[in-house]
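# Descriptive structure summary
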Amino acid sequence: MEQLFVPGIFSFAESWSRKQLFVPGIFSFAESWSREQLFVPGIFSFAESRSREQLFVPGIFSFAESWSREQLFVPGIISFAESRSREQLFVPGIFSFAESRSRKQLFVPGIFTFSGICDIINRLDIILKGSITMQFKFSEKVAYLQASQIREILKYSADPEVISLAAGSPAPEALPAKELEELSKQILEEEPGIAFQYGVTEGYTPLRDEVKKILQKRGIFNPEYDDVVITSGAQQANELSAKVLCNEGDTLIVENPCFIGSLNAFKSYHVDLQGVTLEEDGINIAELEEKLKAGGVKLVYLIPNFQNPTGNTMSREKRKQAFDLCGKYGAVILEDNPYGDLRFAGEDIECIKEYDTEGRVIYSGTFSKILSPGIRVGYVCAHKDIIQKIVVCKQVADVHTTMWSQMLCYRFLKKYDLDEHLRKLRRVYEHKTGLMLSEIEKNFSSKITYTKPQGGLFIWCTLPEGVSTKQMIDFCTVAVRDYKVAIVPGSAFSIKDTDECRSFRLNFSTPTDEKIVRGIEILGKLSKEMFGD
Ligand SMILES: Cc1ncc(COP(=O)(O)O)c(C=O)c1O
């Protein structure tokens, strides 16, 4: 950064990362690549940026506007801030108030406090008692990340009376708990010195080799140029893949709707996230090509099998088309496949990574849905050069994945027949999906449409045409608040807050049969009340 100060008159600072105009002694403000600001305190001030625009007239009024927030300040008199992600009202010297979907804030300058939406009342109490709390200035990377709406709704699930159809966890009866307990005991007795020690970042070598073998057999791992690193779940695999490839502002294409864990991971790297419509047979290819043609696309993130949240599976034809298009326009594909092993109907379709002959596809997998999500073991298979960078970033993130967990996965793969284990899981899921689908058929308003997945954990229901996002969210809210059935509003998976959405996600893996029947019956009644027979 370079700065020029002419105290008493003006000062100016400019750099690749920020531009500033100062009138020291009165006021000054700092700007960055993502915002430009000009202040002439006492008279007026103005800030404009890609991420926000601000106008300040201290003593008179001030105004700030942005895609992420809008603010109006009239210090000493009144101030107001509004945003898609937060709304704020400031009356310095008197009081100030901030409200948001994700948080509420109360400011009493001189005292000052900040509070989350849930504890605002407690904070008020603190203010009134005169306590001082910190105001945290979060980095721009994370300031606008919102708590997942799934988490918000899952809060209600803590009530034991709530039937949760909102989770994304494997069926409890599908977890091989007994086998894992037995293997865990053996590990602790036989190899505590490895289980409790640091390990290498790339992963526990026997597990890494085993994963390579499995992937090679499936045509996913190419020993000529691919490598594998064990990660702390597929979540970390996806996050690190975006981290090593994408600069701020690079375009990253995702299916719309898309898994929220990946969306938030990608957003935290300030990429230009662009959604492409997801259809029953996968991403809309014409839209994908249009976006690739526009240029600047670094990464295309796809969940081809039993997608979260829709349960949709990408057709073979679209997999090939997407692969060819990404090759033509120079984009890398991140293929996320946590549910591929959970196919209970239809024919297997090869992974996109199987078409790869040059290392264009990064493949991320996980033991979360087939063994246990709690042990946090996933993996990423990609070109050696990409893996090398991922290893460095993983070193920074968590040094390595828990040794005990990795050893557990390895021993499971060695001791048990994975295919037989998967057959057991598929039977469980086939039964649960069938039950939920037949209950939906019997109970739901006929105006609601829904997907019929051949694997995975989710069904995606869509309310009748004309229903607004707000009405959809109301439906989900009433369901959990008044009827104690938790479901996830589809807008939680939208790329932009402004995207219209009239869908919601149902999970059939976690609830018992009784809860599936009861939960769908309740939702059915409510759907008929709200949207007609
Ligand atoms: C599409 C998708 N990718 C990745 C993950 C993360 O899985 P893991 O538990 O392996 O981190 C999930 C979890 O639900 C998911 O649905």
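What you are looking at is a predicted structure, and each value in this text was computed from that prediction instead of being measured. (Residues numbered from 1 in each chain as written. Predicted model: local features only at pLDDT ≥ 70, side-chain atom pairs only at ≥ 80, totals over all residues.)

## A few points about the overall build of the protein
Counting secondary structure elements, the protein contains 15 helices and 28 strands. The buried share of the protein, reckoned over its 533 residues, is 43%. (Helix = DSSP H or I, 4+ residues; strand = E, 2+ residues; numbered from the N terminus. Buried ≥ 20, exposed ≤ 12 C-beta atoms within 10 Å, placed from the backbone.)

## With respect to the environment of V361
Tracing the chain through its elements places V361 in strand 22 (residues 361-366). In the structure, V361 is positioned 38 residues away from F323 in sequence and 8.5 Å away in space, judged by C-alpha atoms. Discounting residues that sit within four places of it in the chain, V361 has contacts with I333, E335, I352, K353 and D356. (Contact = placed C-beta atoms within 7 Å.)

## Quick notes on the site of the ligand
Not every one of the 14 residues close to the ligand is listed here, only the nearest: G233, Q235, N308, T366 and S368. Top element by residues in the shell around the ligand is helix 7 (residues 233-245). It accounts for three residues. The residue inventory of the shell around the ligand, partitioned by class, reads five nonpolar, eight polar and one charged. (Near = placed C-beta within 6 Å. Nonpolar A, V, L, I, M, F, W, Y, C, P; charged D, E, K, R; others polar.)

## Considering the pairing of strand 28 (residues 503-507)
Buried residues dominate strand 28, accounting for five of its five residues. Going residue by residue along strand 28, you find S503, R505 and N507 tucked away on one face and F504 and L506 tucked away on the opposite face as well. Relative to strand 28, strand 25 (residues 458-462) is paired through five bridges, and the arrangement is antiparallel. Across the sheet, residue T462 finds its bridge partner in strand 28, namely S503. Bridge analysis of strand 27 (residues 488-489) against strand 28 gives two bridges, and the strand direction is antiparallel. The residue bridging V488 from the neighbouring strand is R505, located in strand 28. (Pairing = 2+ DSSP bridges.)

## A look at the sheet that holds strand 17 (residues 251-256)
Read across the sheet, eight strands follow the order 16-23-22-21-20-17-18-19 without closing on themselves; strand pairing throughout is mixed. Every interior strand has two partners, whereas the edge strands, strand 16 (226-231) and strand 19 (282-283), have only one. With four bridges joining them, strand 22 and strand 23 (residues 378-383) adopt antiparallel strand pairing. Following the sheet pairing, S364 is matched in strand 23 by V380. Strand contacts of helix 6 (residues 205-217): strand 16 and strand 23, with the helix running at about 125° to strand 16, the strand carrying the most contacts. (Axes fitted to C-alpha atoms, helices over the stretch in contact; angles between N-to-C directions.)

## So, helix 9 (residues 285-293)
Looking at helix 9, one finds that the buried residues are L288, K291 and L292. Each buried residue of helix 9 lies within a common arc of 100° when the element is viewed along its axis, so the set occupies one face. Exposed residues pointing more than 90 degrees away from the buried face of helix 9 are listed as A286, E290 and K293. If you follow the buried residues of helix 9, they end up packed against strand 17, strand 18 (272-279), strand 19, strand 20 (297-302) and helix 10 (316-329). Phi for G295, located one or two positions after helix 9, is positive at around 90°. (Arc of directions from axis to C-beta.)

## Remarks on the sheet that holds strand 28
With respect to topology, four strands assemble into an open sheet ordered 24-25-28-27, the strand pairing being antiparallel. Every interior strand has two partners, whereas the edge strands, strand 24 (449-450) and strand 27, have only one.

## Section: the nonpolar core
Counting residues in hydrophobic clusters, the biggest one holds 108 residues, and the most contacted among them are L299, V300, L302, I333, V380, C381 and I487. Two domains each donate at least three residues to this core, and these are domain 2 (149-172 + 420-531) and domain 3 (177-415). Look past the residues within four positions of L299 in its chain and what remains in contact with it is A242, L245, C246, L252, A331, V332 and L334. (Core = buried A, V, L, I, M, F, W, Y, C linked by C-beta atoms within 7 Å. Domains from an automatic or database assignment.)

## Quick look at the pairing of strand 18
Along any regular strand, the residues point their side chains to alternate faces of the sheet. Relative to strand 18, strand 17 runs parallel, the two sharing six bridges. Directly across from V254, in strand 18, lies its bridge partner G275. One crossover worth recording links strand 17 to the parallel strand 18 by way of helix 8 (residues 260-267), and it is right-handed. Here strand 18 runs beside strand 19; their pairing, made up of two bridges, is antiparallel. Looking at strand 19, one finds that L278 is bridged to I283. Here strand 18 hands over to strand 19 after two residues, the two strands then running antiparallel side by side. (Right-handed = clockwise from strand over helix to strand, strands pointing away.)

## Observations concerning the environment of L215
Summarising the element assignment, L215 is placed in helix 6. When the 20 C-beta atoms within 10 Å are taken as the criterion, L215 is described as buried. In contact with L215, not counting residues within four places along its chain, are I220, F221, V228 and C381.

## Here we look at the packing of helix 7 against helix 8
At their nearest, the axes of helix 7 and helix 8 sit 9 Å apart, and the two run at 30° to each other. Classified by the interaxial angle, the pair formed by helix 7 and helix 8 is roughly parallel. The hand of the helix 7/helix 8 crossing is right-handed. Mapping the contact onto sequence places Q235, N238, E239 and A242 in helix 7 and G261, S262, A265 and F266 in helix 8. Across the contact of helix 7 with helix 8, the residue classes break down as three nonpolar, four polar and one charged. (Parallel < 35°, antiparallel > 145°, perpendicular 65-115°, else oblique. Left-handed = near helix turned anticlockwise from the far one by under 90°.)

## Considering unusual backbone geometry
Between N256 and the following residue, P257, the backbone shows a cis peptide bond with an omega angle of 10°. Its location among the elements puts P257 in the loop between strand 17 and helix 8. For the bond running from N308 to P309, omega is 20°, close enough to zero to count as cis. Locating P309 in the fold gives a position in the loop between strand 20 and helix 10. Its identity is not glycine, yet R376 carries a phi of approximately 55°, on the positive side. Tracing the backbone shows R376 in the loop between strand 22 and strand 23. Even without glycine at this site, K484 takes up a positive phi of about 60°.

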